[in-house]
Amino acid sequence: MSTKYKATETDTAYFITITTVEWIDVFTRLNQKYAIINSLDYCQKHKELEIYAYCLMSNHLHLLCKGINGVLLSDIMKDFKKFTEKKIIENILNEPESRKEWMLPLFKKACDHLKRDQTYKVWQNGYHAEVTTSNWFIKQKLNYIHQNPVVEKIVAYPEDYYFSSARNYASLSYPLQVEVLNIF
């Protein structure tokens, strides 16, 4: 298996993007957004994840983060994706969801090529991890993460998007604690 775009080093920060299969807009409902936020919070408190920046868009998640205390970020991401996949499907099945009839078949179809027995697949394989190599790179990725909802015309200013660490950096209320970097 290739290690390109995989988080294979401990105590090294990475820029990560994980995306839903077929780019399905799962995270338009609050219950699904909080499933991700709560899982990230859990990983910070119990799985040695340190987050510096994040932005949860409708079909993908950007993170600037690292595994700490010798824990591989790849192990954290594997557990995160596995748990959130179950939670997302549980939310679709058990809570009001008008898109259930077309979303579930797509998540089921995404399992067709898998060797293991799996009913639904929410996340694309892997995650795109780029090791942070310099302060310039970190600043560029922080800007990219925080500008994502602005570029998509969801908000006019990064700090107006609630499910982003831009709020942490602007000293506004936020749903998820992050380690704010002072590299500017």
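Rules behind the numbers
- By convention here, each chain's residues receive numbers from 1 onward along its written sequence.
- Local features in this predicted model are restricted to residues of pLDDT 70 or higher, and side-chain atom pairs are both shown and tallied only at a pLDDT of 80 or more, whereas totals for entire chains, interfaces and linings draw on every residue.
- Think of the side-chain values as coming from all heavy atoms in the structure, minus any hydrogens and water.
- Three exposure classes are used, based on accessible area relative to the maximum for each residue type with a 1.4 Å probe and protein chains only: buried under 20%, partly exposed in between, and exposed over 50%.
- Strands here mean DSSP runs of E at least two residues long; helices mean DSSP runs of H or I at least four residues long; both are numbered from the N terminus.
- Note that the arc is defined by the directions from the helix axis to the C-beta atoms.
- Note on contacts: a residue pair qualifies if any of its non-hydrogen atoms lie within 4.5 Å across the two residues.
- To estimate the expected span of a helix, subtract one from its residue number and multiply by 1.5 Å.
- The angle between axes fitted to the seven residues ending at a residue and the seven residues starting there is what we call the bend at that residue.
- Each axis is a line fitted through C-alpha atoms, and for a helix only the stretch in contact is used; angles between axes span 0 to 180 degrees, taken between their N-to-C directions.
- Here roughly perpendicular refers to angles of 65 to 115 degrees, roughly parallel to angles under 35, roughly antiparallel to angles over 145, and oblique to all remaining angles.
- For any helix crossing, the convention is left-handed if the near helix is rotated counterclockwise from the far helix by under a right angle, and right-handed if that rotation is clockwise.

We now examine helix α3 (residues 100–109). Of all the residues in α3, the buried ones are Met103, Leu104 and Phe107. Buried residues in α3, looked at end-on, bunch into an arc of 95°, giving them a common side. Pointing more than 90 degrees away from the buried face of α3 are the exposed residues Glu101 and Lys109. Of the surrounding secondary structure, the elements contacted by the buried residues of α3 are α2 (73–94).

With that out of the way, let us pick up helix α4 (residues 135–151). Since the α-helix packs 3.6 residues into each turn, any two residues three or four apart lie on the same face. Along its 17 residues, α4 runs 23 Å from first to last C-alpha, staying within 8% of the 24 Å computed at 1.5 Å per residue. Of all the bends in α4, the greatest reaches close to 30° and is centred on Ile145; the proline Pro149 follows between one and four positions later. Buried within α4 are the following residues: Phe137, Ile138, Lys141, Leu142, Ile145, His146, Asn148, Pro149 and Val150. Next to the buried residues of α4 lie β1 (14–19), β2 (49–56), β3 (60–67), β4 (128–131) and α5 (166–169). Once α4 ends, the next one or two residues include Lys153, with phi positive near 60°.

As a further point, take the packing of helix α1 (residues 30–46) against α2. Look at α1 against α2: their axes get within 10 Å of each other, and the N-to-C directions meet at 150°. Considering their axes alone, α1 and α2 lie roughly antiparallel with respect to each other. As α1 runs across α2, the sense of the crossing is right-handed. Contact residues: Asn31, Gln32, Ala35, Ile36, Ser39, Leu40 and Cys43 in α1; Ile76, Phe80, Phe83, Thr84, Lys87, Ile88, Asn91 and Ile92 in α2.

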